[in-house]
Structure formats: structure tokens, C-alpha cells
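# Chains, contacts and geometry: an overview
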Amino acid sequence: MSEGTMQRRAQREQPERAKRLTRVLVCAAAVPVMLVAAGCSSDSGSGDGGGGKAASASASASPSPTVQAAAYRTLPEACGVLTKKTLKELAPKAKSGKEGSSDDVASRASCSWSSLDNNGVKGSQFRWLNVSLLRFESDTTRGPGDKLAEEYYDKQVREVRATPGAKSLSAQALTGTGDEATAVRYDLKKKEGTFKQQTVVARVENVVVTLDYNGAGLAGDKTPDADALMADAKKAAKEAVLSVTRANGPGAASGSPSAPASGRPSAPASGAPSASASGKS
């Protein structure tokens, strides 16, 4: 091949090499741009996803519901709520109190005393005394303990006033006995004689106290004075309420901090002891 021919071939190939080199450089320059774009796109997607999850978690993590804690957290021993002097006056022949059954004495308790003063052919004087204590715990669903106790107090008073067979029934609101109290009196005739029934229902904070006291003259003895029985019942109810307050220490009802509720009432009203006197004798 002549020198002129080789020179002309080299001249033709030189532009071809230049074009290929240019294409290589352009592609090389385009690669980092694509990588950066891909990286930004990936970061942007990740950031949006993380932020969405965080916002969702924050929205779902709402604070636990709270309710005002109940003021009173326990009950006194039911058979010890009345002084010996009061028991001697109301049930003089009672040897000791009979404690009612309960699976949680800090929430539900009761005690009864039965007294029979037998005078032989002159007849007998009968007295029956019962104290029931029911404490309500605050609950996030049902509400504060004192409100639950208030509802049960109203229900209890209605039930006493609706006692089957009650005669000459009367009711009066009392002061100085807890936060609220009602005294109900009526006559109840039974085969043994006429019983004079006195019932005092009182509420102090989240505790309801129900005191039942009845008397009768049996075997021909005279019927006891209803006014005297009611005066004794009021006195005993006030003592029982004071015992509840003392059992919880000074300042227990001065204001409890807001706290998470236990999730259940300490004693549902549906299972509380009834104040009905229909079964008493």
C-alpha cells in the first residue's frame, strides 16, 4: 500500500475515533447523574414512609383514660362499727355480732345482732340490728367511685320505700350523717306480731352504709315505741359512718389525685345486700 493511500485511510478513521470517544465520555458523564437521581428518589420514598409510620404511631398512642381515684379504699370491720354502749342499748341481749359472708371485706361487709329479752308469761321484747357496708371503686367505664355510690344510694332508698307489705311508711332526709342520708320507717305485720322497722341509708364519699333496726313485742308484750327505735337507729348510723371515715385515716376524703382506674368496681350494685325488710324477723 502506497504512502498516500495509508495517509488518506488514517484521515478517514480519525473522525470515527473522535465520534466514538465523544459517545463514551457522554455516557460516562450520564452515569453519576442517574445514580444521584436514583439515590434521591430512594431517600425521598424512605423519608415519606418513615414519616407516615411515625405520625400513625403517634396518633394511635393516645393516653390511657383516667378517672378521679376513690376517696376511701377500705372498710372497717363490720362487727366493730358500733360501740359497746350503743350495742347494749339497741340489742341488750345480743351476745355477739354475726358477720355476713364476703369474698372481699374491704369492699363489702355486714354484721347483725339478734336480741330476745324473754319475760316468760309477760311476753318478750325482740330486737334485730344489721349494718351493711358497700364500697365502690372508680372505674374508667362507669365513672368515679362516689358517683357510683350515689347511684346505689338512690336505688337503695327506693327499694326500702317499696318494701312489700309496709304500712304507715314515712321517710325523711337526715343531716350530719355522711354526705347524704335518708331514714325510712314503717310497720310490718308478721305472724309473730307487728314489727317496727327503721332503716337508715347513708352515703359517705364512695361508701354506702345501710342500717336496719326493728323491734317487736312478742307473746303479748307491748309494741316498742317507733320514735325511740328511730332515734337509736339514727345514732347507730352516724357511728357507722364515722367508723368508715376513721378506717381510711385523716384526710382520706380531702381530695384524691387523678389516677388510672382499676378497671372494675370493687362491688357492683347488682350484687349488693338488699335493705328490704321483707325477710326479717
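What this report covers is the structure whose coordinates are included nearby. Fair warning: this is a prediction, and the values are worked out from it, not measured in the lab.

## A few points about the overall build of the chain
Along the backbone of the chain there are four helices and nine strands. Of the regular secondary structure in the chain, the N- to C-terminal order runs α-β-α-β-β-β-α-β-β-β-β-α-β. In the chain, which comprises 281 residues, the share counted as buried stands at 38%. Nonlocal contacts in the chain, meaning residues at least 24 apart in sequence, comprise 66% of its contacts between residues at least 6 apart. For the chain, the exposed surface amounts to about 15800 Å²; the carbon and sulfur share of it is 53%.

## Quick notes on the sheet that holds strand β5 (residues 167–174)
Adjacent strands of a sheet pair through backbone hydrogen bonds, lying either parallel or antiparallel. In space, the seven strands of this open sheet follow the order β2-β3-β4-β8-β7-β6-β5, with antiparallel pairing throughout. The strands lining the two open edges of the sheet, one partner per strand, are β2 (98–99) and β5. Sheet topology places β2 next to strand β3 (residues 108–118); two bridges connect them, and they run antiparallel. Its bridge partner lying in β3, Lys98 is registered against Ser112. Along the sheet, helix α3 (residues 145–161) contacts β4 (124–135), β5, β6 (180–190), β7 (193–204) and β8 (207–218); its crossing angle with β7, the most-contacted strand, is approximately 165 degrees. Packing of helix α4 (residues 226–247) onto the sheet brings it into contact with β4, β5, β6, β7 and β8, and relative to β7 it is tilted by some 30 degrees.

## Structural notes on the side chain of Glu137
Of note, Glu137 is situated in the loop between β4 and α3. For Glu137, a relative accessible area of 19% corresponds to the buried category.

## Side note on α3
In a regular helix each residue adds 1.5 Å, so 17 residues correspond to 24 Å; α3 covers 24 Å between its end C-alpha atoms and thus fits that length. Gly145, Leu148, Ala149, Tyr152, Tyr153, Gln156, Val157 and Val160 are the residues of α3 that are buried. Where α3 is buried, its residues meet β4, β5, β6, β7 and β8.

## Points about the state of the cysteines
Cysteine pairs can be linked by a disulfide, which is a covalent bond between their two sulfur atoms. According to the stated counting rule, one finds one disulfide in the structure shown. Two residues share a disulfide in this structure: Cys79 and Cys111, whose sulfurs sit 2.0 Å from each other. Taking the sign of the torsion about the S-S bond as the criterion, the disulfide between Cys79 and Cys111, at about 95 degrees, is right-handed. Taken together, the positions of Cys79 in the loop between β1 (67–68) and α2 (84–90) and Cys111 in strand β3 put the pair 32 residues apart, joining distant regions of the chain.

## Examining the pairing of β5
As paired strands, β5 and β6 are joined by six bridges and run antiparallel to one another. Note that in β6 the partner of Ala173 across the bridge is Thr182. Between the end of β5 and the start of β6, which pair antiparallel, lie five residues, with Gly176 showing a positive phi angle near 80 degrees.

## Some remarks on the side chain of Glu239
Take Glu239: it is sitting in helix α4. Notably, Glu239 is buried but unbridged: the nearest opposite-charge side chain belongs to Lys235, and the N-O separation is 5.0 Å. Engagement of the side chain of Glu239 in a polar contact is seen with the backbone nitrogen of Thr83, the distance being 3.1 Å. One polar contact links Glu239 to Thr86, side chain to side chain, over a distance of 2.5 Å. Aside from chain neighbours lying at most four places away, what touches Glu239 is Val81, Leu82, Thr83 and Thr86.

## Topic: the pattern of salt bridges
Enumeration over the complete set of coordinates arrives at eight salt bridges. When the shortest N-O distance is used, the salt bridge between Arg203 and Asp179 registers 3.7 Å. Of the two residues, Arg203 is situated in strand β7 and Asp179 in the loop between β5 and β6; the sequence distance between them amounts to 24 residues. Residue Asp179 is classed as partly exposed on the basis of its relative accessible area of 45%. Arg203 is the salt-bridge partner of Glu180, the closest N and O atoms lying 2.7 Å from each other. You can see Glu180 sitting in strand β6 and its partner Arg203 sitting in strand β7, a full 23 residues away along the chain. Shared partners join several salt bridges into a network, and the residues in it are Lys85, Glu89 and Lys235.

Conventions used here
- Residues numbered from 1 in each chain as written.
- Predicted model: local features only at pLDDT ≥ 70, side-chain atom pairs only at ≥ 80, totals over all residues.
- Heavy atoms only, no water.
- Helix = DSSP H or I, 4+ residues; strand = E, 2+ residues; numbered from the N terminus.
- Buried < 20%, exposed > 50% of the residue type's maximum accessible area, 1.4 Å probe, protein only.
- Contact = heavy atoms within 4.5 Å.
- Areas by Shrake-Rupley, 256 points an atom, 1.4 Å probe, with all protein chains shown as cover.
- Pairing = 2+ DSSP bridges.
- Axes fitted to C-alpha atoms, helices over the stretch in contact; angles between N-to-C directions.
- Expected span 1.5 Å × (residues − 1).
- Disulfide = S-S within 2.5 Å.
- Lys, Arg positive; Asp, Glu negative; His and termini not counted.
- Salt bridge = Lys/Arg side-chain N within 4 Å of Asp/Glu carboxyl O.
- Polar contact = N/O pair within 3.5 Å; in protein donor to acceptor, adjacent residues only side chain to side chain.

None of the figures reported here should be taken as evidence of function without further support.
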